[in-house]
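# Notes for the structure review
So the chains spell out like this:
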Amino acid sequence: MYRALASRALRAKSLTDNKSSTFLASFTSSRLNHSLPFATVDAEEISGAHPAEVKSFVQGKWIGSSNYNTLLDPLNGEPFIKVSEVDESGVQPFVESLSQCPKHGLHNPFKSPERYLLYGDISTKAAHMLALPKVSDFFTRLIQRVAPKSYQQAEGEVFVTRKFLENFCGDQVRFLARSFAVPGNHLGQQSHGYRWPYGPVTIVTPFNFPLEIPLLQLMGALYMGNKPLLKVDSKVSIVMEQMMRLLHYCGLPLEDVDFINSDGKTMNKILLEANPRMTLFTGSSRVAEKLALDLKGRIRLEDAGFDWKVLGPDVQEVDYVAWVCDQDAYACSGQKCSAQSMLFMHENWAKTSLVSKLKELAGRRKLEDLTIGPVLTFTTEAMLEHMENLLQIQGSKLLFGGKPLKNHSIPSVYGALEPTAVYVPIEEILKDGKNYELVTKEIFGPFQIVTEYKKDQLPLVLDALERMHAHLTAAVVSNDPIFIQAMIGKSVNGTTYAGLRGRTTGAPQNHWFGPAGDPRGAGIGTPEAIKLVWSCHREIIYDYGPVPHGWEFPAST
């Protein structure tokens, strides 16, 4: 099997030059020795007896620290990873490294354009690495260790990351910097529009997608010519630390990226002292708003999403729709920024077996295969308290779930809750601001609100959507074009799925994923997202002449 894989890799057309052949040959040799040449950990062996250590990287060197953040295994509570965190006294090397990058970036259309090709080559090599089963399995298992989710969900994250890298192989990176020209007013004048880097930038990403979110944003920043400092939530930063080592192995220049482990206070200090030209933040709305003020608006946000799904009047394929609703609400234990937080059922759907099927599907989820698992940002008590508060609303009821998971050793600092759904009447949701605020509070876990609307109550649904603050994903599940037109025309969400197979989660690399309705909104994954987030527009107006024959001073104006 190993020989077949190596042979397939060596035949890859984009890696036929000598340097790439040497790269693959060395990896093939290492694979035959049952080791990964870039990895410093074994995902299966990390434990309390054999803890892993995570380091930071700055100015071309991996660095440790005497300040350790010891992480508990989310499944058994063992202290299994030691994250060497930089404290406030150690920020200067990171500040200096960012300050060494000029505003015009590491490359741009007029400076070091060969680096566009370099990053096409790096993407090619990294994609080939992730296509090898042993490498894919390594990252899948590592993701599972720190952000427990089913193997299929973790593997899907690795797959999307690989496909993204494949999308930006060869010349595709320089195509991101494509310019345009417009004829001028006279001979010798022409205006050219260019995509220009920001230079020193920072990236701050959350725990729920330890590989996909940071890697896609990091590569987008690099493609456009920026020098990024990357911070991933320490709970899961071991995944990106290992990916950094893989990228170095694939030819990433050591000085191009810095990687830091720290608490939020230390990172905030770096942002204020280094004054990056742009920051990408993915995470909670509360932190996002604070950073927007601290950084004086030099920020792009993909913040929290209280995401909705509306089932239209045309009922069909009940089993399929129920399955998608279950996946949207409870895959990854609901810890997706695109998770289905609120389900609006047309009365026609309420008359079907949809809710009972949802209950049945939720009941299939079990801790043994991580189709339900630890909640890393809410305790069990906090989720149960929220449920009890909802049940105080008149007419509300528990549809299913609502109980702590049993027979587990998940530490109490994390949550462990059955997939849960609470029904709240739509009239009560909109009755007053207090009810609405409670119902639309985002619980980053296996928890959703279900409500029903009658055919003459669509304005109430639209009113509920209009009041929401976050506009990330949404789904309009209907094949009625008039209904879809009405819903899309009166809503905002940046990534909206429409049609019978509409969903809120599962965004691949082939379409925009990001919020709408906010000028600070960030996207991810596509050429449009990369250009929007990681570059700005620069116009160069060439005016060579000639000056008209016989030109004289005109009258003053």
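What counts as what
- Residues numbered from 1 in each chain as written.
- Predicted model: local features only at pLDDT ≥ 70, side-chain atom pairs only at ≥ 80, totals over all residues.
- Heavy atoms only, no water.
- Helix = DSSP H or I, 4+ residues; strand = E, 2+ residues; numbered from the N terminus.
- Rg over C-alpha atoms; globule rule 2.2 N^0.38 Å.
- Buried < 20%, exposed > 50% of the residue type's maximum accessible area, 1.4 Å probe, protein only.
- Contact = heavy atoms within 4.5 Å.
- Salt bridge = Lys/Arg side-chain N within 4 Å of Asp/Glu carboxyl O.
- Pairing = 2+ DSSP bridges.
- Axes fitted to C-alpha atoms, helices over the stretch in contact; angles between N-to-C directions.

## Regarding the overall build of the protein
Scanning the protein from terminus to terminus reveals 20 helices and 20 strands. What you see for the protein is a C-alpha radius of gyration of 26 Å, in line with the 24 Å of a compact globule of 557 residues. Dimensions of the protein along its principal axes, counting C-alpha atoms only, are 85 × 75 × 50 Å. Looking at the 557 residues of the protein, the share that counts as buried comes to 56%.

## A word on the environment of asparagine 435
Checked against the element boundaries, asparagine 435 lands in helix H17 (residues 433–439). Overall, asparagine 435 belongs to the buried group, its relative accessible area being 13%. Along the chain, asparagine 435 and cysteine 332 lie 103 residues apart, while their C-alpha atoms are 28 Å from each other. In contact with asparagine 435, other than residues within four places in its own chain, are Ile393, Glu428 and Ile429.

## With respect to the pattern of salt bridges
Counted under the stated rule, the structure contains 21 salt bridges. Put simply, arginine 141 and aspartate 137 hold a salt bridge, and the shortest N to O gap is 3.6 Å. In this pair, arginine 141 and aspartate 137 are both assigned in helix H5 (residues 133–146), 4 residues apart and thus about one turn of the helix distant. Overall, aspartate 137 belongs to the partly exposed group, its relative accessible area being 29%. One salt bridge in this structure joins lysine 366 and aspartate 369, with 3.3 Å as the shortest N-O distance. Salt bridges here are not isolated pairs; linked through shared partners, they connect Glu44, Asp137 and Arg141.

## Let's talk about the pairing of strand S14 (residues 340–346)
Counting buried positions over the 7 residues of S14 gives 7, a clear majority of the element. As defined by bridge partners, strand S13 (residues 307–311) adjoins S14 across 5 bridges and the pair is classed as parallel. Considered in S14, the bridge of tryptophan 308 is made with methionine 342. Relative to strand S17 (residues 447–453), S14 runs parallel, the two being bridged by 5 bridges. Paired with methionine 342 across the two strands is isoleucine 449, which belongs to S17.

## Thoughts on the sheet that holds strand S20 (residues 536–543)
The 3 strands are arranged S6-S7-S20 in an open sheet whose pairing can be described as antiparallel. Looking at strand neighbours, the two that pair on one side only are strand S6 (180–183) and S20, the edges of this open sheet. If you compare each strand with its neighbour and ignore which way they point, the axes differ by 20 degrees on average. Relative to S20, strand S7 (residues 189–196) is paired through 8 bridges, and the arrangement is antiparallel. Of the residues in S20, the one forming a bridge with glycine 193 is glutamate 539.

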